[in-house]
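Chain by chain, the residues run as shown.
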Amino acid sequence: SAVISQKPSRDICQRGTSLTIQCQVDSQVTMMFWYRQQPGQSLTLIATANQGSEATYESGFVIDKFPISRPNLTFSTLTVSNMSPEDSSIYLCSVQFKDTQYFGPGTRLTVL
Amino acid sequence: AQSVSQHNHHVILSEAASLELGCNYSYGGTVNLFWYVQYPGQHLQLLLKYFSGDPLVKGIKGFEAEFIKSKFSFNLRKPSVQWSDTAEYFCAVKRGGSQGNLIFGKGTKLSVKP
């Protein structure tokens, strides 16, 4: 399996500010994903980030709001920009490793 | 569009009771199927997966799931639950043979009373 760590584990932010979430995996992986899990909801895919190419965003998510970096095969960042209370959620990093997706512990974001 | 349905939002059982959590999906082609579990305060963990072969799949901690292609179902079962099984359970589907995305169900919260 792949072991994934995320920083920060949680944060409380003011509206209008931005937060960058880091994701580190212990193996080299081609495909990394960013999900959002809103309170009481299931996981929603934000974007797929493959190393060496631009991230692919799902419907309803745009690069200006959620810019992603993928500088190498073990690391990615997701920035939540110009935050509003509606962005309060858990943000999860995920990787594809040998046909299975593994998930990080998540970053719990509260926007005031 | 693909979708995954989990029939129960919240299931409450006593210890030693049997468990079955329903999962149905809408995609008609080849699929890879997964059950993930999220224990309180912990991250999502893979419980079991089905890609091909024997439709009865055994996972960790005594869980198993049966793939019934004709019913588009992948129900999760455990003959005797323990208090430590209290968690949220997510069914997920991915189109087989591709690098497609995981589609998650809304999750079922399981509470086991000691």
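Right above here is the structure, for reference.
On a predicted model such as this, the values are computed, not experimentally measured, just so you know. (Residues numbered from 1 in each chain as written. Chains lettered and ligands numbered in written order. Predicted model: local features only at pLDDT ≥ 70, side-chain atom pairs only at ≥ 80, totals over all residues. Heavy atoms only, no water.)

*Asks:* I'd like a rundown of the layout of surface pockets, residues and numbers included.
*Replies:* Residue and element names in this part refer to chain A. The volume enclosed by the largest pocket comes to roughly 670 Å³. No other element matches strand β11 (residues 107–111), which puts three residues into the lining of the largest pocket. Considered class by class, the residues forming the lining of the largest pocket number eight nonpolar, 13 polar and five charged. Of the volumes computed, that of the second largest pocket is approximately 310 Å³. (1 Å grid on protein atoms, 1.4 Å probe; cavity = no way out; pocket = protein on both sides within 12 Å on 5 of 7 lines; lining within 4 Å. Points joined across faces, edges and corners; volume = space filled by probe spheres on them. Helix = DSSP H or I, 4+ residues; strand = E, 2+ residues; numbered from the N terminus. Nonpolar A, V, L, I, M, F, W, Y, C, P; charged D, E, K, R; others polar.)

*Asks:* Mind laying out the environment of I63(A), listing which residues take part and the relevant values?
*Replies:* Residues and elements named next belong to chain A. Its place among the elements puts I63 in the loop between β6 (56–57) and β7 (68–72). Sequence separation of I63 and L109 is 46 residues, and the distance between their C-alpha atoms is 19 Å. Setting aside chain neighbours within four positions, we find I63 in contact with E54 and Y57. (Contact = heavy atoms within 4.5 Å.)

*Asks:* Give me the interface of chain B and chain A: which residues, what numbers.
*Replies:* The interface of chain B with chain A comprises 16 residues on the first partner and 17 residues on the second. Overall, the association of chain B and chain A removes approximately 1,400 Å² of surface from exposure, summing both partners, and the carbon and sulfur fraction of that is 51%. Between the two partners, chain B and chain A, sit zero salt bridges. In this structure, the connection of chain B to chain A is made through four residue pairs in polar contact (both at pLDDT 80 or more). When residues of the side of chain B that touches chain A are traced back to their parent elements, those giving at least two are β5 (31–38), β6 (45–50) and β10 (87–95) of chain B. With three residues, β5(B) is the single largest residue contributor to the side of chain B that touches chain A. Classifying every residue of the side of chain B that touches chain A by side-chain character gives eight nonpolar, five polar and three charged. (Buried area = accessible area lost by both parts, 1.4 Å probe. Salt bridge = Lys/Arg side-chain N within 4 Å of Asp/Glu carboxyl O. Polar contact = N/O pair within 3.5 Å; in protein donor to acceptor, adjacent residues only side chain to side chain.)

*Asks:* A description of the packing of aromatic side chains should follow, citing residues and the corresponding values.
*Replies:* Summed over the entire model, instances satisfying the criterion amount to 16 aromatic pairs over all chains. Both rings, one in F61(A) and one in F66(A), keep their centres 5.6 Å apart while their planes meet at 65°; by these two values the pair is edge-to-face. There is no split in this pair, since F61(A) and F66(A) are both buried. Here F103(A) and Y36(B) contribute two aromatic rings whose centre-to-centre distance is 5.3 Å and whose plane-to-plane angle is 90°, an arrangement assigned as edge-to-face. One end of the pair, F103(A), is in strand β10 (residues 100–103); the other, Y36(B), is in strand β5, on a second chain. Comparing F103(A) with Y36(B), the two get one shared label, buried. (Phe/Tyr/Trp six-rings, centres within 6.5 Å; stacked < 30°, edge-to-face > 60°. Buried < 20%, exposed > 50% of the residue type's maximum accessible area, 1.4 Å probe, protein only.)

*Asks:* Talk me through the side chain of N75(B); I want residue IDs and the actual numbers.
*Replies:* All names here are of chain B. Residue placement: N75 occurs in strand β9 (residues 73–78). A distance of 3.1 Å separates a polar atom in the side chain of N75 from a polar atom in the side chain of E20. N75 has contacts with E20, L21, G22, C23, W35, E64, A65 and E66, leaving out every residue within four places of it along the chain.

*Asks:* Outline the pattern of salt bridges, listing residues and values.
*Replies:* Residues and elements named next belong to chain B. By the definition in use, this model includes five salt bridges over all chains. Taking the shortest distance from any N to any O, the salt bridge between K58 and E64 comes out at 2.9 Å. Take K58: its relative accessible area is 63%, and that puts it in the exposed class. Note on E64: relative accessible area 18%, which makes it buried. It is possible to trace a salt-bridge network through shared partners that takes in K58, E64, E66 and R77.

*Asks:* Can you explain the nonpolar core? Please cite residues and give values.
*Replies:* L33(B), W35(B), L48(B), F74(B), L76(B) and Y89(B) are the most contacted members of the largest nonpolar core, which totals 28 residues. Ignoring sequence-local partners within four residues, the contact set of Y89(B) consists of Q6(B), L21(B), W35(B), Y36(B), V37(B), L47(B), F63(B), L76(B), G107(B), T108(B) and L110(B). In this structure, I46(A), F66(A), Y91(A) and V111(A) belong to the second largest nonpolar core, which totals 27 residues. (Core = buried A, V, L, I, M, F, W, Y, C linked by side-chain atoms within 4.5 Å.)

*Asks:* Give me the sheet that holds β7(A): which residues, what numbers.
*Replies:* Residues and elements named next belong to chain A. With antiparallel pairing, the four strands of this open sheet are ordered in space as β1-β3-β8-β7. At either margin of the open sheet sits one strand with a lone partner, and together these are β1 (4–7) and β7. For this sheet, the mean angle separating the axes of adjacent strands, direction not counted, is 15°. Bridge analysis of β1 against strand β3 (residues 19–25) gives four bridges, and the strand direction is antiparallel. Within the sheet, the bridge partner assigned to Q6 lies in β3 and is C23. (Pairing = 2+ DSSP bridges. Axes fitted to C-alpha atoms, helices over the stretch in contact; angles between N-to-C directions.)

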